[in-house]
Structures are given as C-alpha cells and as structure tokens.
Amino acid sequence: MIDRRTMPLSSLRAFESAAINLHMGRAGAELGVTQGAISHQVRLLEERLGVALFSRAHNTLSLTPAGSRLLMSVSQGLDLIIDGARNLEPETVSGTLIVGCTQSIAASWAAQHICSFYEKYPDITITVREIESQQREIPRDIDIAICYGAPNIDDRVMTKIGAPVLYPVCSPALLNAEKQRIHLNNMSQLTFIHDGQVSWQRWMEKHGVESSQMHSNIYFPNASQALRAAVLGAGVALANTLETQQFIKDGQLMRLLNKPINEAHSYYLISPSIKNNTIKATIFAEWIINACDS
C-alpha cells in the first residue's frame, strides 16, 4: 500500500521521463543519471505498484494502459508542485544567478531571453559569464550554462536544447547594392566572412561550390564579431539560427540562400544537480528550454 510517507518520488520522476521519451537511455541523459539507474527506479515502482508500466516487446518501449494512466497523474502532480514553488514568497526567487554562455549566443539570442526573464523576475540578479565553444569544464560557480558542444557535467544535469542549422546571412543593404539575385554560381562576387568556429569549406562541399570562388575573405576570431561585420554590410557570414534569430527579426540580416548545413555540435543546458538545485535556477532553465521550443 502506497501512501504519502512511502511514495517513491524519485521513481515517479524517473518513470515520467522514461514514459515521455520511451527510452531509458534518453531519460537518464535528461535527468543526469545512467540508463541503469532509470531502469532500476522503474522496476522498483512497478514492484511497489504491482503492475507493469511498460511493454518491452521487440526491443521497443511502450506504455501499458496502467502506465498511460499513471503518466497523466504524475505529470499533473509534478506540474502542481512546480506551480506551487513558483508562487512562494518573493524572497524565495531572489538573489544572484550566474549564467554561462558563449560570446555569440550572449550577444544575440541569450541576451534577448535573459532580458525578458529579468522583466518577469526583477528580484533575481543575473550575472553573465563567458564560456568558450566546446569548453569541456564548466566552473562550479556557474549556476546555469548554455554550452555549444557537450561538456563534462559531473553530478550536474545536462539537457540537449537544440542543434540549429547554419545559413549564409548578409545585410539586406549589401544585397540591394549588388543589384542582382545571388546564386550558388555567382557567390564569388561577395566577401566571405569567417570566424574561429564555422568553416565555409564544409558548406561549399555540401552544396557543390568550388572553394576557388572565395577570392575575397575577412577572418574574425569569433562568431559575434563576424555577425557584426555582416550587419555592417562587409560581406556574407555563415551562422546558425539561434545566433541570427534576432538580427533577422530586426531586419539587420537576411538569409542569402535557402542552403543550410547542420551544426557540427548541439547546444546543451547545464543545470545544478537535483540536490543542489534552487528555485531560481529551475525557473531560468525552464525559461530557456521553452524559448528553444518556441
């Protein structure tokens, strides 16, 4: 018999993640634990309830009718807990939150969502710290990190938040100045803007463009400076949709060709472990995840 005292809350959280992902490994990655730990928690819950929650036929995980009913109840219950936490006294969602992100994301997409978050939670002081692309070790004093490339996480939680694609972008004024439509075969008339991470070579190989066409080039050490040069009309840059989202919305940049390539790495959100988490970190993490989904 399960009551409030014996309810296995950690097993319920593991079950919800496994039920949504229908994959023990992905559930483990979402919660920052091993696949075996998720499987153990689910078996524990099934034994405690005396029912099978998953069907495991043909190496495919699916919910049983009992599992579907429990998922609905658990999700509703956890949502109520989160809503209750968000509506505590104001002092519980105050203080300092240290956010780490790369320079290019900090200068564009993240800046927009950090500012909108602050408008809703003005009692939380946000300090932004720069981290490098593909940085493996994230300092422990950073509460939340938006990372390009998966870092080492120790006991922290890592959530994949996106793998945006790369497009050529330039200033609309530059395109108007050329007075003709740009095609793959006349790209050579433009100046190619490079940064320290993105390779035009990979884009050209993907779309069958000869690299010998790149007669005019400008090289910058990072994407933030490269995008600024593109906004100023210096040439065409290659950047992902997160970095260019606000610039395109504001009319400062436009996609030159509908010819994308995949990013070499994905973006990940690193947040505190369950035992070290805070309400303000949880709220901010959800804010960023929802921004990626919108």
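Remember, it's a predicted structure, so these values are computed and weren't measured experimentally.

Enquirer: Which parts of the structure should I look at to understand empty space enclosed by the protein?
Expert: If a probe the size of a water molecule is rolled over the atoms, the empty space left behind becomes visible. Counting across every chain of the model gives one cavity of 30 Å³ or more. In this structure, the largest cavity spans a volume of roughly 30 Å³. When contributions to the lining of the largest cavity are tallied by element, the ones reaching two or more residues are strand S8 (191-194), helix H9 (223-231) and strand S10 (236-240). Tallied by class, residues from the lining of the largest cavity come to seven nonpolar, one polar and one charged.

Enquirer: Any chance you could explain the packing of aromatic side chains here in plain terms?
Expert: Centre-to-centre distance and the angle between the planes together describe a pair of aromatic rings. Under the criterion given, the structure shown has eight aromatic pairs. Look at phenylalanine 117 and tyrosine 121: their rings are 4.8 Å apart centre to centre, the planes differ by 35°, and that puts the pair in the tilted class. Owing to a relative accessible area of 0%, phenylalanine 117 belongs among the buried residues under this scheme. Plain terms: the ring middles of tryptophan 200 and tryptophan 203 are 5.3 Å apart, the flat faces sit at 85° to each other, and that makes the pair edge-to-face. Residue tryptophan 200 and its partner tryptophan 203 are both found in helix H8 (residues 200-207); the two are separated by three residues, about one turn of the helix. The class for tryptophan 200 is buried, based on a relative accessible area of 2%. Taken together, the ring pairs connect Phe117, Tyr121, Phe284 and Trp287 into an aromatic cluster. Stacked on the ring of tyrosine 167, the Lys or Arg arginine 255 has its end atom at 3.9 Å from the ring centre.

Enquirer: Help me understand the environment of asparagine 186 in this model?
Expert: Position of asparagine 186 among the secondary structure elements: in the loop between helix H7 (172-178) and S8. Considered as a pair, asparagine 186 and isoleucine 131 are 55 residues apart in the sequence and their alpha carbons are 37 Å apart.

Enquirer: Can you walk me through the layout of surface pockets in this structure?
Expert: Space inside the largest pocket adds up to approximately 1,700 Å³. The wall of the largest pocket is formed by 50 residues, among which Arg13, Glu16, Leu31, Leu78 and Ile82 lie closest to the centre. The dominant element in the lining of the largest pocket, judged by the number of residues it contributes, is helix H4 (residues 65-86), at 11 residues. Grouping the amino acids of the lining of the largest pocket by side-chain chemistry returns 27 nonpolar, 13 polar and 10 charged. By volume, the second largest pocket is sized at about 340 Å³. Taken together, 25 residues form the lining of the second largest pocket, with Ser104, Ser133, Asp195, Gln197 and Ala223 sitting closest to its centre. The set of elements that each furnish at least two residues to the lining of the second largest pocket consists of helix H5 (103-106) and S10. Considered class by class, the residues forming the lining of the second largest pocket number nine nonpolar, 10 polar and six charged.

Enquirer: Before we go on, may I ask you to explain the sheet that holds strand S13 (residues 267-271) in this structure?
Expert: Hydrogen bonds between backbone atoms are what pair the strands of a sheet, whose relative direction is either parallel or antiparallel. Spatially, five strands are ordered S4-S3-S5-S13-S6 in an open sheet, and the strand pairing comes out mixed. Each edge of the sheet is formed by a strand with only one pairing partner; in this case those strands are strand S4 (124-130) and strand S6 (157-162). Strand-to-strand twist in this sheet, taken as the mean axis angle between neighbours without regard to direction, amounts to 20°. Here three bridges tie strand S3 (residues 95-101) to strand S5 (residues 144-148), and the two strands are oriented parallel to one another. Bridged to glycine 100 within S5 is alanine 145. Set on the sheet, helix H6 (residues 109-120) makes contact with S3, S4 and S5; between it and S4 the angle comes to about 165°.

Enquirer: What exactly am I supposed to notice about the packing of helix H1 (residues 9-21) against helix H3 (residues 35-49) here?
Expert: A packed helix pair is summarised by two numbers, namely the angle formed by the two axes and the spacing between the axes. Axis separation between H1 and H3 bottoms out at 8 Å; the angle between their running directions is 110°. Comparing their axes, H3 and H1 come out roughly perpendicular. For the pair H1 and H3, the sense of crossing is left-handed. Facing Ser10, Ser11, Leu12, Ala14, Phe15 and Ala18 of H1, the residues of H3 in contact are Ile38, Gln41, Val42, Leu44 and Leu45.

Enquirer: Where do I start with the nonpolar core in this structure?
Expert: Generally speaking, soluble globular proteins have nonpolar side chains that are buried together. One finds Trp109, Ile146 and Phe284 to be the most contacted residues of the largest nonpolar core, which totals 25 residues. For this core, the secondary structure elements donating two or more residues are S3, H6, S4, S5, S13 and helix H11 (279-293). Here this core gets six residues from one element, more than from any other, and that element is H11.

Enquirer: What is the right way to look at the packing of H9 against helix H10 (residues 241-249) in this model?
Expert: Here H9 crosses H10 at 30°, and the two axes come no closer than 11 Å. Relative to H10, H9 is oriented roughly parallel. Seen from above, H9 lies across H10 with right-handed handedness. Taking contact as the criterion, the partners of Ala223, Leu227 and Val231 in H9 are, on H10, Glu243, Thr244 and Phe247. Residues belonging to the contact of H9 with H10 are distributed by class as follows: four nonpolar, one polar and one charged.

Criteria and thresholds
Residues numbered from 1 in each chain as written. Predicted model: local features only at pLDDT ≥ 70, side-chain atom pairs only at ≥ 80, totals over all residues. Heavy atoms only, no water. 1 Å grid on protein atoms, 1.4 Å probe; cavity = no way out; pocket = protein on both sides within 12 Å on 5 of 7 lines; lining within 4 Å. Points joined across faces, edges and corners; volume = space filled by probe spheres on them. Helix = DSSP H or I, 4+ residues; strand = E, 2+ residues; numbered from the N terminus. Nonpolar A, V, L, I, M, F, W, Y, C, P; charged D, E, K, R; others polar. Phe/Tyr/Trp six-rings, centres within 6.5 Å; stacked < 30°, edge-to-face > 60°. Buried < 20%, exposed > 50% of the residue type's maximum accessible area, 1.4 Å probe, protein only. Lys NZ or Arg CZ within 6 Å of the ring centre and 35° of its normal. Pairing = 2+ DSSP bridges. Axes fitted to C-alpha atoms, helices over the stretch in contact; angles between N-to-C directions. Contact = heavy atoms within 4.5 Å. Parallel < 35°, antiparallel > 145°, perpendicular 65-115°, else oblique. Left-handed = near helix turned anticlockwise from the far one by under 90°. Core = buried A, V, L, I, M, F, W, Y, C linked by side-chain atoms within 4.5 Å.

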